[in-house]
Each structure stands twice: as C-alpha cells, then as structure tokens.
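Examining the three-dimensional arrangement
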Amino acid sequence: MAQSLLPLVLDVGIPLASYYILSDGFGLSEVAALGWSSVVPALRTVWALVRRAEVNGLALLILVVNVVGLALSTMTGDPRLMLAKDSGVSSIVGIAVIVSVFMGKPLMTAGLKPFVTKGLAARSAAWDRLAAGSAPFRRAERRFSLIWGTVLLVECVARVIGAYTVPVHTMVWLGSVLMVAAILLAMVVAGGSCAEPMAKMVRAEAEAEAERDAGVRAGAAGAVGAAPVPAVTGS
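As the structure is a prediction and not an experimental result, all values here were calculated from the model. (Residues numbered from 1 in each chain as written. Predicted model: local features only at pLDDT ≥ 70, side-chain atom pairs only at ≥ 80, totals over all residues. Heavy atoms only, no water.)

**Considerations on the overall build of the protein**
- In terms of helices and strands, the protein carries nine helices and zero strands.
- Along its sequence from the N terminus, the protein presents helices and strands in the succession α-α-α-α-α-α-α-α-α.
- Burial analysis of the protein (235 residues in total) assigns 32% to the buried set.
- Within the protein, residue pairs in contact and separated by at least 24 positions form 69% of the contacts whose partners lie at least 6 positions apart. (Helix = DSSP H or I, 4+ residues; strand = E, 2+ residues; numbered from the N terminus. Buried < 20%, exposed > 50% of the residue type's maximum accessible area, 1.4 Å probe, protein only. Contact = heavy atoms within 4.5 Å.)

**What to know about the packing of aromatic side chains**
- Throughout the structure, instances matching the rule amount to one aromatic pair.
- The interplanar angle of 90° and the centroid separation of 5.0 Å between the aromatic rings of Trp 127 and Phe 137 together place this pair among those described as edge-to-face. On the criterion of sequence distance, the pair formed by Trp 127 in helix α7 (residues 121-133) and Phe 137 in helix α8 (residues 135-165) is long-range, its members being ten residues apart.
- Of the residues examined, Phe 137 reaches a relative accessible area of 0% and is grouped as buried.
- Here the guanidinium or amino end of Lys 118 rests over the ring plane of Phe 115, the centre of that ring lying 4.3 Å away. (Phe/Tyr/Trp six-rings, centres within 6.5 Å; stacked < 30°, edge-to-face > 60°. Lys NZ or Arg CZ within 6 Å of the ring centre and 35° of its normal.)

**Considering the confidence of the model for the protein**
- Looking at the protein as a whole, the pLDDT averages 79, with 71% of positions reaching at least 70.
- Confidence, read as mean pLDDT per element, is least for helix α4 (residues 57-76) in the protein (63) and greatest for α7 (94).
- Across residues 1-5 the pLDDT falls below 50, and counting only partners more than four positions away or on other chains, this stretch makes zero contacts in the model. (pLDDT = per-residue confidence, 0-100.)

**Overview of unusual backbone geometry**
- For Lys 118, which is not glycine, the phi dihedral falls at a positive 60°.
- On the secondary structure map, Lys 118 appears in the loop between α6 (109-117) and α7.

**Thoughts on the environment of Leu 152**
- Structurally, the position occupied by Leu 152 is in helix α8.
- Once residues within four sequence positions are removed from consideration, Leu 152 is found in contact with Ser 90, Val 93 and Gly 94.

**Digging into the environment of Ala 122**
- With respect to the element layout, Ala 122 can be found in helix α7.
- Using a relative accessible area of 48% as the deciding quantity, one classes Ala 122 as partly exposed.
- C-alpha of Ala 122 to C-alpha of Ala 206: the two residues are 84 residues apart in sequence and 5.9 Å apart in space.

**Considering the packing of α6 against α7**
- Two elements in contact, α6 and α7, have axes separated by 9 Å at closest approach and are oriented at 130°. Between α6 and α7, the interaxial angle falls into the category oblique. Crossing angle aside, the handedness with which α6 passes α7 is right-handed. Where α6 abuts α7, its residues Thr 109, Leu 112, Lys 113, Val 116 and Thr 117 lie against Arg 123, Ser 124, Trp 127 and Asp 128. (Axes fitted to C-alpha atoms, helices over the stretch in contact; angles between N-to-C directions. Parallel < 35°, antiparallel > 145°, perpendicular 65-115°, else oblique. Left-handed = near helix turned anticlockwise from the far one by under 90°.)

**Description of the pattern of salt bridges**
- Scanning the model with the defined rule gives five salt bridges in all.
- Close ionic contact of Asp 128 with Lys 113 constitutes a salt bridge, the shortest N to O distance being 3.0 Å. Note that Asp 128 is positioned in helix α7 and Lys 113 in helix α6, a separation of 15 residues in sequence.
- Residues joined by salt bridges that share partners form a network here, namely Arg 129, Glu 205, Glu 209 and Arg 212. (Salt bridge = Lys/Arg side-chain N within 4 Å of Asp/Glu carboxyl O.)

**A few points about the nonpolar core**
- Counting residues in hydrophobic clusters, the biggest one holds 20 residues, and the most contacted among them are Leu 112, Val 116, Trp 127, Phe 137, Phe 144, Met 198 and Val 202.
- Elements represented by at least two residues in this core include exactly α6, α7, α8 and α9 (168-226).
- It is α9 that contributes the most residues to this core, nine residues altogether.
- If we skip the residues at most four places from it in the chain, Val 116 touches Arg 123, Trp 127, Ala 195, Met 198, Ala 199 and Val 202. (Core = buried A, V, L, I, M, F, W, Y, C linked by side-chain atoms within 4.5 Å.)

**A few points about the packing of α7 against α8**
- Look at α7 against α8: their axes get within 6 Å of each other, and the N-to-C directions meet at 100°. Judged by the inter-axis angle, α7 sits roughly perpendicular to α8. Contact residues: α7 offers Trp 127, Leu 130, Ala 131, Ala 132 and Gly 133, while α8 offers Ala 135, Phe 137, Arg 138 and Glu 141.

Following this line, the structure appears as structure tokens:
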C-alpha cells in the first residue's frame, strides 16, 4: 500500500505543500511558486525514464507536456495557463486509454493483470486463456480501461473550467482534490464492475484447470496400475 501511494504523495502532496510554502512563506509570485512546485514530479519522471533504461512513451509524453506548459506559462506570466497544463496531462492520458480500447490493446491492462493474478503463475495462465477464449472477460477488460479514460477526461474538463473561473490560490488545492477524487472514483467504479468479476473468473478458471490436471494425473496413474503384468514362463 505504501509503495502504491508513494507516487501520489510525490506528484500531489509535495507540489501542493511546496506551492503554499513558496507563495505564502517566501512571498514568491503565483507563477514562480507554481513553477518551482512542479520540479519534483518532473524530476521523478526523468528519473523513472533513466532508471528503466528504456523509453516509456506515456511517461515521456507527460514530461514533454509539463515542460512545454511550464515554458508557455513562464513566458506569458499566466498562472491560470500553468494550472490548465496539468489538466492537459489528464486529457492526454485519458484519450490514449480510450483509443487503446478501440485498438484492442487496453492500456490499463498493464496494471490490472498483476492486481488480478497476484503474481501467481496459475492465475496468469488462467488470465491468458480467458483473454483468448472468453468474450465476457474481454468485455470487462475493455470496460475497465474505458471507465478510467472517461473519468480522466471528465476530470480534465473540470480542472480547465476551474483554472479559469476559480481563484488561483484556491484552485491549487482544489485541482489536487479533483484529481484524487477522480482516481478514487475510477478505482471504485472500475474495480467493482470489472476488476472483481474478472478476478472471480480467473480464480474459477485456475481452479478448474487444477482439477483437470488432477483428473489427468489420476487417470494416468490408474492406467499404469491397470496395465497387465507380463507372464513369466519357465524355460
């Protein structure tokens, strides 16, 4: 649980606290405080890309959007544009997830499969069998990503509206609240309607496969035991 929540703390908690410390404590302007508070998430993304020694397209896209948005906001001196850029990240991720569903390769499966299979080889094999031969399982898999993508897009719209209608000092914490609320909503809705039923199907398939294997082994053992013993004839 701690490992799962750490990225959320780094990307939400630290920038939020940094903004108010820099603006209220050190008297920095809204643009400067927002800019410096964005450093930690950006560095974390860079570190993740370097550590994995491979190009993660989604992470790289998020980093580019942040950097471009930060540069534009700094040049224009518009703190509201800086707030709106964060919603741009959500929209890109949401659109990418929705498009992946219609392309037949749901992006959220990368996180869903380990959660459902619990790292067990038997359940991973059961997942693969269901993904290949069960239409209800594939529908639930696609629906899981579709829910996440839709929630992220709705959150994006809400944050853009807030960025240009709510006072900046208020929208800094309200934007974080909207993001966390969207994540929790997606977890509850997608988890209850998709992840849990899929987990049940995987468990049932793994148990059925174990029973089939046990039956095959029992049948093989019975066949060996019933094999006629060659008669020994005297010379």
